[in-house]
Amino acid sequence: MKTLTLQAPDGVSTIVEALATGEPVALPTETVYGLAADALSPNACAKIFEAKNRPLSDPLIVHIPSIDWLPRLTSPTPTALQLAEKYWPGPLTMVLPRQPIVPDIVTAGQETVAIRMSAHPLFQEVATAFGKPLAAPSANRFGRISPTSAAHVLAELDGRIPFILDGGPCAHGIESTIVHVSEEGLRILREGPITREDLRAFAPLLDDSIAVSAPGGLKSHYAPRTPLVLEKNPTPRSKKTGLLAFSAPREGFAQTEILSATSDLREAAANLYGAMRRLDEAGLDLIVAEEIPESGIGAAIMERLRKAAAR
Ligand code: TXA
Ligand code: MG
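Residues numbered from 1 in each chain as written. Chains lettered and ligands numbered in written order. Predicted model: local features only at pLDDT ≥ 70, side-chain atom pairs only at ≥ 80, totals over all residues. Heavy atoms only, no water.

*Asks:* What exactly am I supposed to notice about the sheet that holds strand S12 (residues 241–245) here?
*Replies:* The strands that make up a sheet are held in pairs by hydrogen bonds between backbone atoms, and each pair lies either parallel or antiparallel. Spatially, 4 strands are ordered S11-S14-S12-S13 in an open sheet, and the strand pairing comes out parallel. Edge strands, defined here as strands with exactly one partner in the open sheet, are strand S11 (228–231) and strand S13 (255–258). Pairs of neighbouring strands in the sheet enclose a mean axial angle of 20 degrees, with direction left out of account. Here helix H9 (residues 265–280) sits on the sheet and contacts S12, S13 and strand S14 (286–290); the angle it forms with S12, its principal contact strand, is near 175 degrees. Contacts from helix H10 (residues 298–309) reach S11, S12 and S14, with the element oriented near 135 degrees to S11. (Pairing = 2+ DSSP bridges. Helix = DSSP H or I, 4+ residues; strand = E, 2+ residues; numbered from the N terminus. Axes fitted to C-alpha atoms, helices over the stretch in contact; angles between N-to-C directions. Contact = heavy atoms within 4.5 Å.)

Right, here's the structure in full:
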């Protein structure tokens with residue numbers, strides 16, 4: 001299969017047609033690129049798993065075109081409705097009890113479904129034209145770094161999917177916050193752009209060490225091929241050690257990527273995966289990542305770095 005990268009607005013109709021025939025296509029979102037397919041078609045969803053080499057035990061996030069789909073796919077609690085009102089469209093995914101209409105392949109047979117509404121204008125345009133929910137995991141091969149540009153998607157899935165819609169670089173650069181919503185409170189399953197502090201205003205935060213089954217909670221994930229270690233004060237170990245620095249370079253590294261010269265955590269998040277990819281492609285034998293402040297979105301960045309380091 002040949003993979004074509006399409007530009008908007010011309011490419012949009014081709015993308016919507018491909019979705020309608022049950023093909024998976026890569027779309028930009030405000031977090032990372034997603035590999036989208038018709039969420040109500042088990043066959044279309046199966047092609048997502050195939051293209052990504054993703055185990056069927058790992059459920060998909062469903063992206064809805066409009067809020068009226070929320071009660072059609074889930075049983076939303078009052079808190080869920082408040083969170084949707086505040087953060088959608090945007091980088092928040094809610095895990096809620098599913099309705100029977102949601103295919104088993106989407107939920108990996110669980111009784112919950114993960115739902116979000118993307119704020120990316122091109123994603124919204126495609127979802128609205130398609131008129132149905134889209135299942136979309138990040139558009140990388142399983143276990144690898146999420147793509148934040150159309151070129152990254154091509155590097156991951158060339159020959160495995162028909163189309164990529166190019167929407168430029170992703171604004172947030174890391175995946176959405178995932179929160180399990182219940183009557184008892186909120187359980188954060190994945191840190192992201194909507195922070196712990198943001199969510200605490202809505203309901204009590206429950207202990208997230210008690211894992212609700214979330215395979216993305218696997219200890220190792222988001223991994224470059226080059227071994228990566230996380231340190232407070234990075235030092236080079238060899239002539240081929242690379243540095244993933246927060247804001248300033250250090251002596252003695254073969255290659256350095258700086259996440260934000262002004263120590264801006266949002267900028268650092270947006271640059272994280274691209275920087276990891278460049279270091280991974282540089283022929284290094286080790287990447288040393290510098291620990292970053294764990295406030296606000298810094299917690300989400302550190303969660304990704306810990307998982308990249310866990311092997
Ligand atoms: O920002 C994002 O969320 C991106 C964009 C494309 O929307 N999507 C994304 O999807 O990161 P994915 O599949 O790479 O990560 C979703 C995570 C997976 O780790 C999956 O295990 C978890 O969400 N998940 C999905 N459904 C779940 C459920 N019902 N209960 C618990 N975890 C769930
Ligand atoms: Mg992913």
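*Asks:* Any chance you could explain the sheet that holds strand S3 (residues 34–38) here in plain terms?
*Replies:* Across the sheet, which stays open at both edges, the 10 strands sit in the order S1-S8-S2-S3-S7-S4-S6-S5-S9-S10 with mixed pairing between neighbours. Both edges of this open sheet fall to strand S1 (4–7) and strand S10 (186–190), since each of them pairs with a single strand only. Taken strand by strand, helix H2 (residues 42–52) contacts S3 and strand S7 (134–135), and its axis lies near 155 degrees from that of S3.

*Asks:* Explain the packing of H9 against H10 here, please?
*Replies:* Axis angle and axis distance: for two packed helices, these are the angle between their axes and the distance between the axes, and together they describe the pair. Between H9 and H10, whose axes approach to 9 Å, the crossing angle comes to 20 degrees. The angle between H9 and H10 falls in the class roughly parallel. Of the two elements, H9 crosses H10, and the hand of that crossing is left-handed. Facing Leu-265, Ala-268, Ala-269, Leu-272, Tyr-273 and Met-276 of H9, the residues of H10 in contact are Gly-298, Ile-301, Arg-304, Leu-305 and Ala-308. Taken together, the residues of the contact of H9 with H10 break down into 9 nonpolar, 1 polar and 1 charged. (Parallel < 35°, antiparallel > 145°, perpendicular 65-115°, else oblique. Left-handed = near helix turned anticlockwise from the far one by under 90°. Nonpolar A, V, L, I, M, F, W, Y, C, P; charged D, E, K, R; others polar.)

*Asks:* Honestly, the pattern of salt bridges in this entry has me stumped. Any pointers?
*Replies:* When their charged atoms lie close together, side chains carrying opposite charge are able to pair. As enumerated under the stated definition, the model contains 19 salt bridges in all. Notably, a salt bridge pairs Arg-116 with Glu-30, separated by 3.0 Å at the nearest N-O pair. Residue Arg-116 is located in strand S6 (residues 112–116), and its partner Glu-30 is located in the loop between strand S2 (25–27) and S3; the two are separated by 86 residues in the primary sequence. Judged by its relative accessible area of 6%, Glu-30 falls in the buried class. The salt bridge partner of Asp-280 is Arg-144, with a shortest N-O separation of 3.7 Å. (Salt bridge = Lys/Arg side-chain N within 4 Å of Asp/Glu carboxyl O. Buried < 20%, exposed > 50% of the residue type's maximum accessible area, 1.4 Å probe, protein only.)

*Asks:* Teacher, can you tell me more about the packing of aromatic side chains here?
*Replies:* The geometry of two aromatic rings is summed up by the distance between their centres and the angle between their planes. Evaluated as defined, the whole model comprises 1 aromatic pair. Here Tyr-87 and Phe-202 contribute two aromatic rings whose centre-to-centre distance is 6.0 Å and whose plane-to-plane angle is 55 degrees, an arrangement assigned as tilted. One end of the pair, Tyr-87, is in helix H4 (residues 78–87); the other, Phe-202, is in the loop between helix H8 (196–200) and S11, and 115 residues separate them in sequence. Relative accessible area serves as the criterion here: at 14%, Tyr-87 is assigned to the buried category. Taking the ring centre of Trp-69 as reference, the NZ or CZ of Arg-72 above it sits at 3.8 Å. (Phe/Tyr/Trp six-rings, centres within 6.5 Å; stacked < 30°, edge-to-face > 60°. Lys NZ or Arg CZ within 6 Å of the ring centre and 35° of its normal.)

*Asks:* For this particular structure, what's the right way to read unusual backbone geometry?
*Replies:* It is generally the case that most residues other than glycine have a negative phi and that most peptide bonds are trans. Of note, the bond from Ala-8 into Pro-9 is cis; its omega dihedral lies within 30 degrees of zero at 0 degrees. The topology assignment puts Pro-9 in the loop between S1 and helix H1 (12–20). Going from Trp-88 to Pro-89, the amide bond is cis rather than trans, its omega being -5 degrees. Locating Pro-89 in the fold gives a position in the loop between H4 and strand S5 (92–97). A positive phi angle, close to 60 degrees, is found at Asn-53, a residue other than glycine. Looking at the element boundaries, Asn-53 is found in the loop between H2 and strand S4 (61–63).

In short, the description is geometric, and any link to function would need to be established separately.
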